[in-house]
Amino acid sequence: MISFELRLSFYSTWLTVAMAGTTALAQTDQPGRLSVDWQKIIGTTRTTITLQVVDNPPLRPGSSIHNRAWANLAALHTDMTRLALWYPYPRLAVAELQPATSTKTSWNFDDLDPLVCDFFRATNGRSSVFTMSTIPEWMFRDANSGPVPASPDEADWSYEAGTELRDPSGKEAADYFARVAGWYTGGGFTDELGVHHGTQHHETIAWWEVLNEPEYEHSLDIQTYTKLYDRIVAAVHRVSPNTRFVGMSLAEPMKSPSKFEYFLDPKHHQPGTPLDAISFHFYSDAEPGEDDSAEPYAFFARADGFLSSVRYIAAIRQKLSPHTQIHINEVGCIAADDLVQGAAQTGIPPSAQYWNLCGAMFAYLYQGLAEQGIELLGASQLLGYPSQFPSVSLLNWETGEPNARYRVLQLLHDNFGPGDSIVKADLASHQVVAAAYIGVGGQRKLLLINKSQRQAAVRCDECSGADESHVDMATPMAPAQSKLLSTTIHLNAFSVMVVKLPR
């Protein structure tokens, strides 16, 4: 999820590069020529394309869009879908809101269960990532944010108070998460007083992510986080022995590269602690004053900065723990008036262009990350909602219908994935990016991305007669399909196009 605080970006230096390219972009009136050497394989994709689902009131039973929203998740058929139960709605994220006394506990899954059950029903047995990201606030000795809202639909952005665990060993927090794992995977758990709580749940949690954005949530340093990770992993693993684990979950990965160096070094972990995967996030946060004309340059420049950052992180991974996967499981854009939740303007829909721009940026990141061998790219998030980052949504929060970001995700997921061969492709264009792939079954495929508000054209001598599908400003609600009748491919503003060449 996104930090509540207005985050400073290390990507700003890339804006100068982007703006310097404005003149070059304006001169690309002639079709750029695409050439592909189908005999030159430069890599194999490992990248799973997926998304995250965050707890939000419209996803609860009784919501007018409940059925439509979950149906749209099911329609994607994604693997490694991330369920993030996050603190702004405490009753949808925390199963024990009060500490145990000598006579009673406060365990209660009444508000959590419907969301979790809908999620597992929509993902229908496919692999998923369970992120019970919120440590109960009462486990922090210096927390005092006031009473928890009585309604599960009421947001409380102060429910991340405290920086000092009352049990510095981490055992108390680990026991809490192990009991949650027992509830959903093992038919129940025994609480602090020795009372058994039984349930009918027997879900399979393929992956468990340990906490979320810990550098912001409770300001955990990497040493404290690593100790918590080891304790939580050991406790959950005893309950769910086949579960794999994701660590770090950083909001701003390049602010402190030393965190990767520390966490990925096995000597900082208890013997036998698995380092299955690390995760971190990327959002292109629009700055106040960036309008529709400036955002394309800024967003793609930030994306370039992020891709460079990933190369550096991947090098650390390769050196210290080469078998650890990299999951970039929160990717999106944030509108400038959506950075401070609770502000009066929160919930104003961004421009129509914004959703297509964000979709094109996601596709751009995919081709860059696939080339780097990154294992997962996840869009954030299925349903944003006023009071919880509506400008990050893949669905309309009033109707539950997909927007252009969802459709781009769907287009990419349906056409690309792990096992595709990456082929050498060259395109003489400042405006359009091209990538070429050979699918597992031998299908030759192109991915074309127009980064500009302007129409563009690409000359592809072997594309006449090919089938294409695209999402652009003219077709934001569903991918459009056609057969290419010439060697010139026309792309509308922010078009994301998949071309399947004749066999």
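Reference entry: report on the structure contained in this document. Here the structure is a predicted model, which means the values were calculated and not measured.

## What to know about the overall build of the protein
On a plain count of helices and strands, the protein comes out with ten helices and 19 strands. For the protein, the C-alpha radius of gyration of 23 Å lies close to 23 Å, the compact-globule estimate for 503 residues. Principal-axis analysis of the C-alpha atoms places the extent of the protein at approximately 75 × 50 × 40 Å. The buried share of the protein, taken over its 503 residues, is 59%. Relative to all contacts within the protein whose residues are 6 or more apart in sequence, the contacts with residues 24 or more apart total 75%. Element-wise, carbon and sulfur atoms account for 50% of the exposed surface of the protein, whose accessible area totals about 19200 Å². Computed over 37 positive and 55 negative side-chain charges, the inter-centroid distance for the protein is 7 Å.

## Focus: the packing of helix 8 (residues 295-320) against helix 9 (residues 352-372)
Axis separation between helix 8 and helix 9 bottoms out at 10 Å; the angle between their running directions is 25°. What the angle tells us is that helix 8 and helix 9 run roughly parallel. Helix 9 is crossed by helix 8, and the crossing has right-handed handedness. Contacts between helix 8 and helix 9 pair Glu295, Pro296, Phe299, Phe300, Ala303, Asp304, Phe306, Leu307, Val310 and Arg311 from the former with Gln353, Tyr354, Leu357, Cys358, Ala360, Met361, Tyr364, Leu365, Gly368, Leu369 and Gln372 from the latter. Tallied by class, the residues present in the contact of helix 8 with helix 9 amount to 15 nonpolar, three polar and three charged.

## A short note on helix 9
End to end, helix 9 covers 31 Å across 21 residues, agreeing with the expected 30 Å (1.5 Å per residue, within 8%). Of all 21 residues making up helix 9, 19 are buried, and the element is well covered by its neighbours. Just past helix 9, the residue Gly373 takes up positive phi, approximately 80°.

## A word on the sheet that holds strand 3 (residues 81-85)
Here we have eight strands rolled up into a closed barrel, ordered 2-3-4-7-8-9-10-11, and parallel in their pairing. Averaged over all adjacent pairs, the angle separating strand axes in this sheet is 25°, with direction ignored. In the packing of helix 10 (residues 404-415) onto the sheet, contacts are made with strand 2 (48-54), strand 10 (325-334) and strand 11 (376-379), and the angle to strand 2 comes to roughly 145°.

## As for the nonpolar core
By size, the foremost hydrophobic cluster in this structure holds 133 residues, and its most contacted members are Phe130, Met132, Trp208, Leu412 and Leu447. Counting residues per element, this core draws most heavily on helix 9, which supplies 13 residues. Look past the residues within four positions of Trp208 in its chain and what remains in contact with it is Phe130, Met132, Phe177, Val180, Ala181, Ile232, Val236, Thr243, Arg244, Phe245 and Val246. Val36, Val423, Leu446 and Cys463 belong to the second largest nonpolar core, which has 22 residues in total.

## Some thoughts on the pattern of salt bridges
With the rule as written, the count across this model stands at 21 salt bridges. Taking the shortest distance from any N to any O, the salt bridge between Arg82 and Glu330 comes out at 2.7 Å. Of the two residues, Arg82 is situated in strand 3 and Glu330 in strand 10; the sequence distance between them amounts to 248 residues. For the pair Arg82 and Glu330, a shared accessibility class is recorded, and that class is buried. Its salt-bridge partner being Arg459, residue Asp461 comes within 2.8 Å of it at the nearest N-O pair.

The rules behind the values
- Residues numbered from 1 in each chain as written.
- Predicted model: local features only at pLDDT ≥ 70, side-chain atom pairs only at ≥ 80, totals over all residues.
- Heavy atoms only, no water.
- Helix = DSSP H or I, 4+ residues; strand = E, 2+ residues; numbered from the N terminus.
- Rg over C-alpha atoms; globule rule 2.2 N^0.38 Å.
- Buried < 20%, exposed > 50% of the residue type's maximum accessible area, 1.4 Å probe, protein only.
- Contact = heavy atoms within 4.5 Å.
- Areas by Shrake-Rupley, 256 points an atom, 1.4 Å probe, with all protein chains shown as cover.
- Lys, Arg positive; Asp, Glu negative; His and termini not counted.
- Charge placed at Lys NZ, Arg CZ, Asp CG, Glu CD.
- Axes fitted to C-alpha atoms, helices over the stretch in contact; angles between N-to-C directions.
- Parallel < 35°, antiparallel > 145°, perpendicular 65-115°, else oblique.
- Left-handed = near helix turned anticlockwise from the far one by under 90°.
- Nonpolar A, V, L, I, M, F, W, Y, C, P; charged D, E, K, R; others polar.
- Expected span 1.5 Å × (residues − 1).
- Pairing = 2+ DSSP bridges.
- Core = buried A, V, L, I, M, F, W, Y, C linked by side-chain atoms within 4.5 Å.
- Salt bridge = Lys/Arg side-chain N within 4 Å of Asp/Glu carboxyl O.

Bear in mind that shape data such as this cannot, by itself, settle questions of function.
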